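These are the residues of each chain, in order.
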Amino acid sequence: LDGRLFAVALMLALPAQYAQFLKWEVLAKEAGPGVTRGDIHRGFWVGYTLGLVTPGRIGQYGRALALRNCSLARAGGLTFIERSYSALVVNGFGLLALVFLPSLGWISPFDAPGHIAEGALLTTGASLLLIGIFPRVFAPLMTRLARRLPFGEKLVHAVTAIEVVTPWRGLWLLTLAALSLIIAV
(Lines give C-alpha, C1' and ligand atoms only; values in the text may rest on other atoms or scores of the structure.)
Protein backbone atom coordinates (compact mmCIF):
# COMPACT_ATOMS: atom_id res chain seq x y z
CA LEU A 1 0.00 0.00 0.00
CA ASP A 2 1.40 3.34 -1.03
CA GLY A 3 1.16 5.63 2.00
CA ARG A 4 0.88 8.79 -0.10
CA LEU A 5 -2.03 7.45 -2.11
CA PHE A 6 -3.71 6.26 1.08
CA ALA A 7 -3.28 9.73 2.61
CA VAL A 8 -4.81 11.32 -0.50
CA ALA A 9 -7.76 8.90 -0.29
CA LEU A 10 -8.29 9.83 3.36
CA MET A 11 -8.11 13.54 2.56
CA LEU A 12 -10.64 13.13 -0.25
CA ALA A 13 -13.01 11.38 2.15
CA LEU A 14 -13.50 14.67 4.00
CA PRO A 15 -15.03 16.69 1.12
CA ALA A 16 -17.05 13.65 0.00
CA GLN A 17 -18.53 13.31 3.49
CA TYR A 18 -19.12 17.05 3.68
CA ALA A 19 -21.12 16.99 0.43
CA GLN A 20 -23.21 14.14 1.85
CA PHE A 21 -23.70 16.07 5.09
CA LEU A 22 -24.87 19.17 3.19
CA LYS A 23 -27.41 17.04 1.34
CA TRP A 24 -28.69 15.67 4.66
CA GLU A 25 -28.70 19.12 6.27
CA VAL A 26 -30.82 20.65 3.49
CA LEU A 27 -33.57 18.11 4.10
CA ALA A 28 -33.22 17.58 7.85
CA LYS A 29 -33.92 21.27 8.46
CA GLU A 30 -37.37 20.64 6.98
CA ALA A 31 -38.27 18.01 9.60
CA GLY A 32 -39.65 20.67 11.92
CA PRO A 33 -38.88 23.86 13.82
CA GLY A 34 -37.71 21.91 16.89
CA VAL A 35 -34.86 20.17 15.06
CA THR A 36 -31.54 21.59 16.19
CA ARG A 37 -28.21 21.76 14.41
CA GLY A 38 -26.94 19.22 16.96
CA ASP A 39 -29.74 16.84 15.95
CA ILE A 40 -28.76 17.24 12.31
CA HIS A 41 -25.08 16.48 13.06
CA ARG A 42 -26.01 13.59 15.33
CA GLY A 43 -28.38 12.20 12.70
CA PHE A 44 -25.70 12.27 10.03
CA TRP A 45 -23.15 10.44 12.16
CA VAL A 46 -25.68 7.97 13.56
CA GLY A 47 -26.66 7.10 10.00
CA TYR A 48 -23.06 6.96 8.86
CA THR A 49 -22.09 4.61 11.70
CA LEU A 50 -25.14 2.38 11.27
CA GLY A 51 -24.45 2.32 7.54
CA LEU A 52 -20.98 0.92 8.14
CA VAL A 53 -22.24 -2.00 10.23
CA THR A 54 -25.35 -3.00 8.25
CA PRO A 55 -25.62 -4.87 4.96
CA GLY A 56 -26.15 -2.59 1.98
CA ARG A 57 -25.65 0.42 4.26
CA ILE A 58 -29.34 0.18 5.15
CA GLY A 59 -28.47 1.58 8.56
CA GLN A 60 -28.12 5.05 7.04
CA TYR A 61 -31.90 5.28 7.27
CA GLY A 62 -31.35 5.46 11.02
CA ARG A 63 -30.62 9.16 10.59
CA ALA A 64 -34.31 9.82 11.13
CA LEU A 65 -34.09 8.39 14.65
CA ALA A 66 -31.70 11.12 15.80
CA LEU A 67 -34.01 13.99 14.87
CA ARG A 68 -35.98 15.03 17.94
CA ASN A 69 -38.99 17.30 18.32
CA CYS A 70 -40.46 16.28 14.97
CA SER A 71 -42.66 13.61 13.47
CA LEU A 72 -40.79 10.33 13.01
CA ALA A 73 -42.79 9.69 9.82
CA ARG A 74 -41.71 13.03 8.36
CA ALA A 75 -38.09 12.51 9.46
CA GLY A 76 -38.19 9.04 7.90
CA GLY A 77 -39.59 10.44 4.66
CA LEU A 78 -36.88 13.09 4.50
CA THR A 79 -34.21 10.46 5.18
CA PHE A 80 -35.60 8.30 2.39
CA ILE A 81 -35.52 11.28 0.02
CA GLU A 82 -31.93 12.11 0.99
CA ARG A 83 -30.73 8.55 0.44
CA SER A 84 -32.66 8.33 -2.84
CA TYR A 85 -30.60 11.13 -4.36
CA SER A 86 -27.46 9.02 -4.04
CA ALA A 87 -29.24 6.16 -5.81
CA LEU A 88 -30.58 8.45 -8.55
CA VAL A 89 -27.10 9.80 -9.27
CA VAL A 90 -25.37 6.42 -9.27
CA ASN A 91 -28.02 4.78 -11.47
CA GLY A 92 -28.72 7.79 -13.69
CA PHE A 93 -25.10 8.57 -14.48
CA GLY A 94 -24.29 4.86 -14.61
CA LEU A 95 -26.82 4.29 -17.37
CA LEU A 96 -25.61 7.36 -19.24
CA ALA A 97 -22.03 6.11 -18.92
CA LEU A 98 -23.00 2.84 -20.63
CA VAL A 99 -23.75 4.85 -23.77
CA PHE A 100 -20.31 6.47 -23.83
CA LEU A 101 -18.13 3.58 -22.61
CA PRO A 102 -18.01 1.81 -26.02
CA SER A 103 -16.29 4.87 -27.49
CA LEU A 104 -13.52 4.23 -24.93
CA GLY A 105 -13.09 0.62 -26.07
CA TRP A 106 -15.44 -1.07 -23.59
CA ILE A 107 -17.20 -4.13 -24.98
CA SER A 108 -20.70 -4.69 -23.68
CA PRO A 109 -21.41 -8.15 -22.21
CA PHE A 110 -24.90 -8.16 -23.77
CA ASP A 111 -25.74 -8.08 -27.43
CA ALA A 112 -28.39 -5.50 -28.27
CA PRO A 113 -28.95 -3.39 -31.37
CA GLY A 114 -26.70 -0.38 -30.84
CA HIS A 115 -29.05 2.53 -31.40
CA ILE A 116 -31.98 0.91 -29.60
CA ALA A 117 -29.86 0.14 -26.56
CA GLU A 118 -28.26 3.59 -26.60
CA GLY A 119 -31.65 5.27 -26.85
CA ALA A 120 -33.06 3.22 -23.99
CA LEU A 121 -30.03 3.89 -21.79
CA LEU A 122 -30.03 7.62 -22.55
CA THR A 123 -33.76 7.91 -21.94
CA THR A 124 -33.69 5.93 -18.70
CA GLY A 125 -30.58 7.64 -17.32
CA ALA A 126 -31.85 11.12 -18.14
CA SER A 127 -35.29 10.25 -16.72
CA LEU A 128 -33.76 9.21 -13.41
CA LEU A 129 -31.92 12.50 -13.17
CA LEU A 130 -35.08 14.44 -14.07
CA ILE A 131 -36.95 12.61 -11.29
CA GLY A 132 -34.39 14.14 -8.93
CA ILE A 133 -35.25 17.63 -10.15
CA PHE A 134 -39.03 17.15 -10.25
CA PRO A 135 -39.83 14.51 -7.60
CA ARG A 136 -43.10 16.17 -6.56
CA VAL A 137 -44.66 14.97 -9.81
CA PHE A 138 -44.82 11.50 -8.24
CA ALA A 139 -46.35 12.60 -4.92
CA PRO A 140 -49.99 11.85 -5.89
CA LEU A 141 -49.12 8.35 -7.11
CA MET A 142 -46.99 7.60 -4.05
CA THR A 143 -49.75 8.92 -1.75
CA ARG A 144 -52.35 6.62 -3.35
CA LEU A 145 -50.01 3.64 -3.00
CA ALA A 146 -49.12 4.52 0.59
CA ARG A 147 -52.79 4.64 1.62
CA ARG A 148 -53.22 1.02 0.53
CA LEU A 149 -50.31 -0.28 2.60
CA PRO A 150 -50.23 -1.13 6.31
CA PHE A 151 -49.65 2.02 8.40
CA GLY A 152 -50.99 3.94 5.41
CA GLU A 153 -51.58 7.28 7.15
CA LYS A 154 -48.05 7.32 8.58
CA LEU A 155 -46.65 6.48 5.16
CA VAL A 156 -48.73 9.26 3.61
CA HIS A 157 -47.23 11.65 6.18
CA ALA A 158 -43.75 10.45 5.15
CA VAL A 159 -44.57 10.84 1.45
CA THR A 160 -45.75 14.43 1.93
CA ALA A 161 -42.17 15.30 2.91
CA ILE A 162 -41.40 15.31 -0.82
CA GLU A 163 -43.25 18.63 -1.09
CA VAL A 164 -40.16 20.43 0.25
CA VAL A 165 -38.15 19.43 -2.83
CA THR A 166 -38.64 22.25 -5.30
CA PRO A 167 -36.94 21.95 -8.71
CA TRP A 168 -34.06 24.20 -7.56
CA ARG A 169 -33.64 22.23 -4.34
CA GLY A 170 -33.79 18.98 -6.31
CA LEU A 171 -31.07 20.24 -8.64
CA TRP A 172 -28.96 21.25 -5.61
CA LEU A 173 -29.45 17.81 -4.01
CA LEU A 174 -28.50 16.10 -7.29
CA THR A 175 -25.41 18.31 -7.53
CA LEU A 176 -24.32 17.46 -3.98
CA ALA A 177 -24.89 13.74 -4.57
CA ALA A 178 -22.94 13.90 -7.86
CA LEU A 179 -20.13 15.85 -6.21
CA SER A 180 -19.84 13.26 -3.47
CA LEU A 181 -19.74 10.47 -6.04
CA ILE A 182 -17.17 12.24 -8.22
CA ILE A 183 -14.89 12.83 -5.23
CA ALA A 184 -15.24 9.20 -4.16
CA VAL A 185 -14.43 7.96 -7.65
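If you're wondering where the values come from, they're calculated on a predicted model, not measured in any experiment.

(A) Just the confidence of the model for the protein chain, in detail. Here the protein chain shows a mean pLDDT of 89. Residues at 70 or above account for 96%. Of all secondary-structure elements in the protein chain, the lowest mean pLDDT belongs to helix α4 (residues 114-133), at 84, while helix α7 (residues 167-184) reaches the highest, 94.

(B) The arrangement of the pattern of salt bridges in detail. In total, this model carries nine salt bridges according to the counting rule given. Residue R4 is joined to D2 by a salt bridge in which the shortest nitrogen-to-oxygen separation is 3.7 Å. Residue R4 is classed as exposed on the basis of its relative accessible area, which comes to 66%. Here D2 falls in the partly exposed class, since its relative accessible area comes to 33%. E153 is paired through a salt bridge with R147; the nearest N and O atoms lie 3.9 Å apart. For R147, a relative accessible area of 49% gives the class partly exposed.

(C) Structural context of the side chain of D39. Along the polypeptide, D39 turns up in helix α2 (residues 37-53). On the accessibility criterion, D39 (1% relative accessible area) is buried. Once residues within four sequence positions are removed from consideration, D39 is found in contact with G34, A66, L67 and R68.

About the cut-offs
- Residues numbered from 1 in each chain as written.
- Predicted model: local features only at pLDDT ≥ 70, side-chain atom pairs only at ≥ 80, totals over all residues.
- Heavy atoms only, no water.
- pLDDT = per-residue confidence, 0-100.
- Helix = DSSP H or I, 4+ residues; strand = E, 2+ residues; numbered from the N terminus.
- Salt bridge = Lys/Arg side-chain N within 4 Å of Asp/Glu carboxyl O.
- Buried < 20%, exposed > 50% of the residue type's maximum accessible area, 1.4 Å probe, protein only.
- Contact = heavy atoms within 4.5 Å.

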